[in-house]
Amino acid sequence: MSDLVAIVYPSEAKAEEVRQRLLKLQKEYLITISDAVIAVKTESGSIKLNQLVNTTAMGAMTGSFWGLLIGVIFLNPILGVAVGAASGALGGALSDFGIDDSFMKSLSTSLQPGNAALFVLIKHMTADKVIKEIKDAGGVVLKTSLDETKEKVLRDALASVVERPAA
């Protein structure tokens, strides 16, 4: 079972920094991430999602491959690539995996303009080591599906940075 954690940061750059730290920790096998998305509330009030994987580009690439293969079979590889890329891009744009986009957008409406929320879908985590690596970035927990004790540990670790005076 996966757990969802959403943490608010004062800027998109700070949220991206934490996402990169988590991806580094994933390479060290301390966390397994299914999805990590940054939602930013623009000055106009709209929500922009910065996905970890661009499904449109992946769909176009996969579609191009299959289109080329089918095009070679029917002796028209150029047309096959074009049709495959177009249909793959359309399929990729319409598909969604990981965290539901509409859920993230609705939850992000409470953000202040310019703030960013990092949504992470976690399959497995060595909590003490991961929290140690990200707690100095601060942030405010917006929502989690963690049990109450783990959520409290996370909230306290992130809040301890806010309470300490800057050096």
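To be clear, the structure that these remarks concern was listed above.
What you are looking at is a predicted structure, and each value in this text was computed from that prediction instead of being measured.

As a further point, take the side chain of lysine 41. Looking at the element boundaries, lysine 41 is found in strand E2 (residues 31–41). Of the polar contacts made by the side chain of lysine 41, one reaches the backbone oxygen of leucine 111; its length is 3.1 Å. Excluding residues within four positions of it along the chain, lysine 41 makes contact with Ser46, Ile47, Ser108, Thr109, Leu111, Gln112, Pro113, Gly114 and Asn115.

If you trace the backbone, glycine 45 turns up in the loop between E2 and strand E3 (47–50). A relative accessible area of 35% places glycine 45 in the partly exposed class.

Our focus in this paragraph is the packing of helix H1 (residues 12–27) against helix H5 (residues 127–134). Between H1 and H5, the least distance of the axes is 10 Å, while the angle of their chain directions is 145°. The two elements H1 and H5 meet at a crossing, and its hand is right-handed. Here Val18, Arg21, Leu22 and Leu25 of H1 lie close against H5, whose contacting residues are Val130, Glu133 and Ile134. Counted by class, the contact of H1 with H5 contains five nonpolar, no polar and two charged residues.

Residues Tyr9, Val18, Leu22, Ile31, Leu118 and Leu154 are the most contacted members of the largest nonpolar core, which totals 26 residues. The set of elements that each furnish at least two residues to this core consists of strand E1 (3–9), H1, E2, strand E4 (116–125), H5 and helix H6 (148–163). At five residues, the largest contribution of residues to this core is made by E2. Every residue in contact with leucine 118, bar those within four places of it in the chain, is listed here: Val5, Ala6, Ile7, Tyr9, Ala15, Val18, Arg19, Leu22, Val37 and Ile38. Listed in part, the 14 residues of the second largest apolar core include Leu4, Ala6, Leu49 and Ile99.

With that settled, consider the environment of proline 113. Structurally, proline 113 can be placed in the loop between helix H4 (101–108) and E4. On the accessibility criterion, proline 113 (40% relative accessible area) is partly exposed. Considered as a pair, proline 113 and threonine 42 are 71 residues apart in the sequence and their alpha carbons are 5.3 Å apart. Here proline 113 is in contact with Lys41, Thr42 and Glu43, once residues within four sequence places are set aside.

Reading the values: rules and limits
- Residues numbered from 1 in each chain as written.
- Predicted model: local features only at pLDDT ≥ 70, side-chain atom pairs only at ≥ 80, totals over all residues.
- Heavy atoms only, no water.
- Helix = DSSP H or I, 4+ residues; strand = E, 2+ residues; numbered from the N terminus.
- Polar contact = N/O pair within 3.5 Å; in protein donor to acceptor, adjacent residues only side chain to side chain.
- Contact = heavy atoms within 4.5 Å.
- Buried < 20%, exposed > 50% of the residue type's maximum accessible area, 1.4 Å probe, protein only.
- Axes fitted to C-alpha atoms, helices over the stretch in contact; angles between N-to-C directions.
- Left-handed = near helix turned anticlockwise from the far one by under 90°.
- Nonpolar A, V, L, I, M, F, W, Y, C, P; charged D, E, K, R; others polar.
- Core = buried A, V, L, I, M, F, W, Y, C linked by side-chain atoms within 4.5 Å.

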